[in-house]
Amino acid sequence: MATTTLPEAEVQPVSKSATKYVYFFGGSKADGNGKMKDELGGKGAGLAEMTNAGLPVPPGFTIQFLFLPVLPFRLKPAAST
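Cut-off values and rules
- Residues numbered from 1 in each chain as written.
- Predicted model: local features only at pLDDT ≥ 70, side-chain atom pairs only at ≥ 80, totals over all residues.
- Heavy atoms only, no water.
- Patch = residues over 30% accessible without salt bridge, like charges linked within 9 Å, V, L, I, M, F, W, Y side chains within 5 Å.
- Areas by Shrake-Rupley, 256 points an atom, 1.4 Å probe, with all protein chains shown as cover.
- Salt bridge = Lys/Arg side-chain N within 4 Å of Asp/Glu carboxyl O.
- Helix = DSSP H or I, 4+ residues; strand = E, 2+ residues; numbered from the N terminus.
- Buried < 20%, exposed > 50% of the residue type's maximum accessible area, 1.4 Å probe, protein only.
- Contact = heavy atoms within 4.5 Å.
- Expected span 1.5 Å × (residues − 1).
- Bend = angle between axes of the 7 residues up to and from the residue.

Peer 1: Give a description of a nonpolar patch on the surface that names residues and reports values.
Peer 2: Together, Tyr 21, Val 22, Phe 24 and Phe 61 make up a nonpolar patch on the protein surface, roughly 380 Å² of accessible area in all. Tracing the chain through its elements places Val 22 in strand E1 (residues 22-26).

So this is what it looks like as C-alpha coordinates:
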(Lines give C-alpha, C1' and ligand atoms only; values in the text may rest on other atoms or scores of the structure.)
Protein backbone atom coordinates (compact mmCIF):
# COMPACT_ATOMS: atom_id res chain seq x y z
CA MET A 1 0.00 0.00 0.00
CA ALA A 2 1.40 3.37 -1.00
CA THR A 3 1.58 6.21 1.47
CA THR A 4 0.88 9.82 0.65
CA THR A 5 2.85 12.65 2.21
CA LEU A 6 0.91 15.85 2.72
CA PRO A 7 2.63 19.14 1.93
CA GLU A 8 3.95 21.17 4.85
CA ALA A 9 1.41 23.74 6.01
CA GLU A 10 2.64 27.29 6.31
CA VAL A 11 2.19 28.59 9.84
CA GLN A 12 0.97 32.16 10.05
CA PRO A 13 2.37 34.25 12.92
CA VAL A 14 -0.10 35.09 15.66
CA SER A 15 -0.43 38.74 16.57
CA LYS A 16 0.67 39.70 20.07
CA SER A 17 -2.86 40.76 21.05
CA ALA A 18 -4.48 37.46 20.03
CA THR A 19 -4.83 34.63 22.53
CA LYS A 20 -3.50 31.33 21.24
CA TYR A 21 -5.85 28.36 21.71
CA VAL A 22 -4.38 25.69 19.39
CA TYR A 23 -0.78 24.46 19.68
CA PHE A 24 0.65 22.30 16.87
CA PHE A 25 3.36 19.66 17.17
CA GLY A 26 5.16 17.27 14.80
CA GLY A 27 8.11 17.24 12.46
CA SER A 28 10.54 17.91 15.34
CA LYS A 29 8.82 21.26 16.04
CA ALA A 30 6.22 22.15 18.65
CA ASP A 31 4.47 25.41 19.49
CA GLY A 32 4.45 24.50 23.18
CA ASN A 33 6.89 22.93 25.63
CA GLY A 34 6.92 20.72 28.71
CA LYS A 35 6.58 23.67 31.11
CA MET A 36 3.15 24.60 29.70
CA LYS A 37 1.22 21.96 31.67
CA ASP A 38 -1.31 24.52 32.95
CA GLU A 39 -2.18 25.60 29.39
CA LEU A 40 -1.85 22.31 27.48
CA GLY A 41 -2.63 19.74 30.13
CA GLY A 42 -0.27 16.91 31.00
CA LYS A 43 -0.54 14.98 27.73
CA GLY A 44 -0.25 18.09 25.56
CA ALA A 45 2.82 19.32 27.41
CA GLY A 46 4.36 15.84 27.24
CA LEU A 47 3.76 15.56 23.49
CA ALA A 48 5.29 19.00 22.93
CA GLU A 49 8.33 18.08 25.04
CA MET A 50 8.85 14.76 23.23
CA THR A 51 8.52 16.52 19.86
CA ASN A 52 11.06 19.18 20.84
CA ALA A 53 13.42 16.42 22.03
CA GLY A 54 13.35 14.87 18.54
CA LEU A 55 11.39 11.73 19.41
CA PRO A 56 9.14 10.41 16.63
CA VAL A 57 5.71 11.84 17.48
CA PRO A 58 2.91 11.82 14.87
CA PRO A 59 1.89 15.39 13.92
CA GLY A 60 -1.13 16.79 15.70
CA PHE A 61 -2.44 19.62 17.82
CA THR A 62 -3.51 20.39 21.37
CA ILE A 63 -6.34 22.73 22.28
CA GLN A 64 -5.51 25.02 25.19
CA PHE A 65 -6.90 23.47 28.37
CA LEU A 66 -8.65 26.64 29.57
CA PHE A 67 -10.43 27.06 26.21
CA LEU A 68 -12.27 23.72 26.35
CA PRO A 69 -15.24 24.92 28.47
CA VAL A 70 -16.27 27.46 25.81
CA LEU A 71 -16.38 25.01 22.91
CA PRO A 72 -19.88 24.41 21.47
CA PHE A 73 -19.91 20.65 22.16
CA ARG A 74 -20.25 20.97 25.94
CA LEU A 75 -22.48 18.35 27.48
CA LYS A 76 -25.91 19.57 28.47
CA PRO A 77 -27.64 18.22 31.57
CA ALA A 78 -30.31 15.63 30.90
CA ALA A 79 -33.84 17.02 30.89
CA SER A 80 -35.77 16.05 33.99
CA THR A 81 -39.09 14.28 33.45
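Having put the structure on the table, let's press on.
Peer 1: Give me the environment of Pro 59: which residues, what numbers.
Peer 2: Tracing the chain through its elements places Pro 59 in the loop between helix H1 (37-52) and strand E3 (60-63). Since its relative accessible area comes to 70%, Pro 59 is described here as exposed. Spatially, the C-alpha atom of Pro 59 lies 9.3 Å from that of Ala 30, the residues being 29 residues apart in sequence. Ignoring anything within four residues of it in the chain, the contact list for Pro 59 reads Phe 25 and Gly 26.

Peer 1: Account for H1, with residues named and values stated.
Peer 2: A rise of 1.5 Å per residue sets the reference length of H1, with its 16 residues, at 22 Å; its end C-alpha atoms lie only 15 Å apart and thus fall more than 12% short of the reference. The largest bend in H1 amounts to roughly 80° and is located at Lys 43. Those residues of H1 that sit buried are Leu 40, Gly 41, Gly 44, Ala 45, Ala 48 and Thr 51. Lining the buried residues of H1 we find E1, strand E2 (29-30) and E3. The first or second residue beyond H1 is Gly 54, which carries a positive phi of 90°.

Bear in mind that shape data such as this cannot, by itself, settle questions of function.
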